[in-house]
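# Coordinate inspection notes
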Amino acid sequence: MSTTNAVPVSLAEIARIAGVGRAAVSNWRRRHDSFPSRIGGTDVSPQFSLSDVEQWLRSNGKLTDAGAREFLWPRFEALGSRDESGLAIADAARRMRSPRARSAASGLSTEAKDLVGEAARLGRREGPRETFEFLLQRWLDTHVRQLSTTPTQLATLMAQIALDSRLGEGDGGLTVFDPACGTGHLAVAAAQEYDGPGLTLLGCERDPALAALASARLDFATEGRDVRAEIATVDALRDDPFAGLRADIALCNPPFNERDWGYEELATDQRWTHGLPPRTEPELAWVQHLLTHLRPGGTAVVVLPPAVASRKAGRRIRGSLLRTGLLRTVVALPPGCAQPHSVSLQLWVLRAAPDGPQVGPSAQDALLVDATRLGKPGAREPGPDWDAVTEFVRSAVSELDKPGGQLPEGAVRVSLLDLLDDEVDVTPGRYTASGSEPSGVELAASWDELAGSLNELGDLTKYLSKIDLMAVEPRTTATVGDLIKAGALTLLAGQQPSDSTPPRGAGVPLLTVADLLMDGTPSGLLDPGAAQAVAEEGDVVVAGVVRAFRAWVHQGPPVALGPQLYALRVTPEKLDAHFLAGCLRAPANGRQAGTHASSSSRVDIRRLQVLQLPIEEQATYAETFRRLTAFEALLTRAGSLGKGLVDDVGDRLAAGGLATTRSGMSGPVRAHI
């Protein structure tokens, strides 16, 4: 493959091309004088010529089978323009499927056209669909801050809900409509979930690059099937190309918080049968747009920000949607299901009234589902448990048309009389919280656990308070760096994993600093064959960042370490792991080894100090360090238990739940204030 000297690549890109970790590339650069010289960037983030890198990798036998695709991407990125690179990828997809097809993208540069031809030839050789998906994903990852996509798991859930909730069957198959389709995630999910005949996929997207990529995705996703797919490049609110369409299901993840959605020119539009959407409520314009395109009995599932459920400006429209029975379900999702990741987004399930005598169940209530507990609130980019979310939401929505059905905990039917108040607030958490209070048995178990924790705390307090802490005199210490040189321990540094994801249920748990800032539970999985630092049982793990600085002896199965996490593997004849962890985790030690004063700065692991003692004397220190660590863990657990009990019992008391009076008679207590 020919490349251009002007195309720069980073160390991370070289690692992807060669199929190794970034640390391996750094080692090549240090060990081989023939490694290409830096042509740009900085000393910390250097850039190299792609052609020089290709030549060096080939001559040193370090290219993998995946290298050909990886060589392609930097050249697409080097085109500079997001739109041109996106259109070029879409055009390459057409050429992969039809070698004689002419370019459909006008305005591409000569360099882009040459790259399209090269990518098409590679795709036909190594797999058109796989090559296109690779390029598309790299394009989306590169422009993630400019684009808002629907994750595959969320798109699948939305398609499943829509297919499960629609009433009756359409004529001659299924028609799916998405008026703001982006790169086509929702349409592809619908095609994958529907296995019947006569599928029609219709979408709109105002961004030409996104529309072209969506069309290419649908071509691959529906290849060999009886499917009609059409993506119109247009702003659907201002210029609806599918006026008169009546779809079986509509799926949409519309743009949020856009003030310039056409408020002035669309003020008299006939779609606003439930009220003119306020300028600040563009999401309700998309909701009504979807409803005008549903056939009788058809279902729409739309992603919305949580404020749409409660903002005063949209109260009138929400009330009309409820009174007419169109708004059937609101699902509050865990944070992290889609961008913006810090927000608990909602799914609104709307259904048009069916025709004929079989009108279906009367809509005298709405189903509100709170799935927020299935996420990880507080993380910078929390990740929901998609299996649990999907099972919970689908089980709740399956009871939509069964008035006497048993709803899972966290889902509740709310009558329209209760919803149609002055606020018309359809936020699920407002109505489901009261149904999640713990039972008497659960409260008793929490009290027992707290009592046990307090007893253990008492025992540890007696032990620790009797420690004879003499005046500290200067003692000999050694740095971690010195101990490494002396062969007393080995240092393994965690690193950023590659983009590859192992199959669900496989792989080594991946621990990151973000996990430590939450609950310490690994949030990802790593391919067992990946080049990554893995902490084994008995290793000392250190978090090398000031805001999460800590050290502990790892117990349990192996765990892979992310960036700024380190594993120290001791030589048992020279060091006790618990002694080492106790010395390292001293707060003063972390402050002295910190590289800067801010909480986001790193800790230089090699500068951490360790008290120098003979191995036999380390045992006494190690036992005390162990008990001090257990004391800290019990304090945290007892505090959490106590706070939860105070909240639960306080709620029960405030609701009049005290069973006896001061005189011993049963019944509620009357407080004298």
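Owing to the predicted nature of the structure, the values given are computational and were not obtained by experimental measurement. (Residues numbered from 1 in each chain as written. Predicted model: local features only at pLDDT ≥ 70, side-chain atom pairs only at ≥ 80, totals over all residues. Heavy atoms only, no water.)

### A look at the nonpolar core
Rule in force here: Put simply, a nonpolar core is a bunch of buried Ala, Val, Leu, Ile, Met, Phe, Trp, Tyr and Cys residues held in one set by side-chain atoms that sit within 4.5 Å of each other. Relative accessibility thresholds used throughout: buried, under 20% of the residue-type maximum; exposed, over 50%; partly exposed, between the two (1.4 Å probe, protein chains only). Each helix corresponds to a stretch of at least 4 residues labelled H or I by DSSP, and each strand to a stretch of at least 2 residues labelled E; elements are numbered beginning at the N terminus.
In this structure, Leu251, Leu347 and Val393 are the most contacted members of the largest nonpolar core, which totals 50 residues. Examining the composition of this core, we find that eight residues originate from one element, helix α8 (residues 152-165), more than from any other.

### Digging into the packing of helix α5 (residues 82-97) against helix α7 (residues 128-142)
Heads up, the condition is: Fitted lines through C-alpha atoms give the axes, limited to the stretch in contact for helices. The angle between two N-to-C directions lies from 0 to 180 degrees. Should an angle fall under 35 degrees it is called roughly parallel, over 145 degrees roughly antiparallel, and 65 to 115 degrees roughly perpendicular, with every other angle called oblique. Note on contacts: a residue pair is in contact if any heavy atoms of the two residues lie within 4.5 Å. Residue classes follow a fixed rule: Ala, Val, Leu, Ile, Met, Phe, Trp, Tyr, Cys and Pro count as nonpolar, while Asp, Glu, Lys and Arg count as charged, and any other residue, Gly among them, counts as polar.
Running from N to C, α5 and α7 cross one another at 170 degrees; their axes reach a closest spacing of 10 Å. Taken as axis vectors, α5 and α7 run roughly antiparallel relative to one another. Residues Arg82, Ser85, Gly86, Ile89, Ala93 and Met96 of α5 form the contact with α7, whose own contacting residues are Pro128, Thr131, Phe132, Leu135, Leu136 and Trp139. Class assignment of the residues belonging to the contact of α5 with α7 gives a composition of eight nonpolar, three polar and one charged.

### Concerning the pairing of strand β9 (residues 327-332)
Note the cut-off: Should DSSP find at least two bridges between two strands, the strands are regarded as paired.
Of all six residues that make up β9, six are buried, and the element is covered over most of its length. With four bridges joining them, β9 and strand β11 (residues 365-370) adopt parallel strand pairing. Note on β11: the bridge partner recorded for Val330 is Leu368.

### Re the packing of helix α9 (residues 185-193) against helix α10 (residues 208-221)
As a packed pair, α9 and α10 sit with axes 9 Å apart at the nearest point and diverge in direction by 10 degrees. As summarised for this structure, α9 and α10 are arranged roughly parallel, according to the angle between their axes. Together, His185, Ala187 and Val188 of α9 and Arg217, Leu218 and Ala221 of α10 make up the contact between the two elements. For the contact of α9 with α10, a count of residues per class yields four nonpolar, one polar and one charged.

### Observations regarding the confidence of the model for the protein chain
Where we set the bar: pLDDT: the predictor's confidence for each residue, scored from 0 to 100.
Per-residue pLDDT for the protein chain averages 84, and the proportion of residues at 70 or more is 86%. The low-confidence segment residues 499-506, where pLDDT is below 50, has seven contacts with residues more than four positions distant or belonging to other chains. When the criterion is pLDDT under 50, residues 596-600 qualifies, and its contacts beyond four places in sequence or with other chains add up to six contacts.

### A few points about the sheet that holds β9
Here nine strands make up an open sheet; going across it, the order is β6-β5-β4-β7-β8-β10-β9-β11-β12 and the pairing mixed. Only two strands of the sheet have a single neighbouring strand rather than two, namely β6 (227-232) and β12 (411-415). Ignoring which end each strand starts from, the neighbouring axes of this sheet average 15 degrees apart. Both strand β7 (residues 247-252) and strand β8 (residues 294-304) contribute to a ladder of five bridges, which runs parallel.

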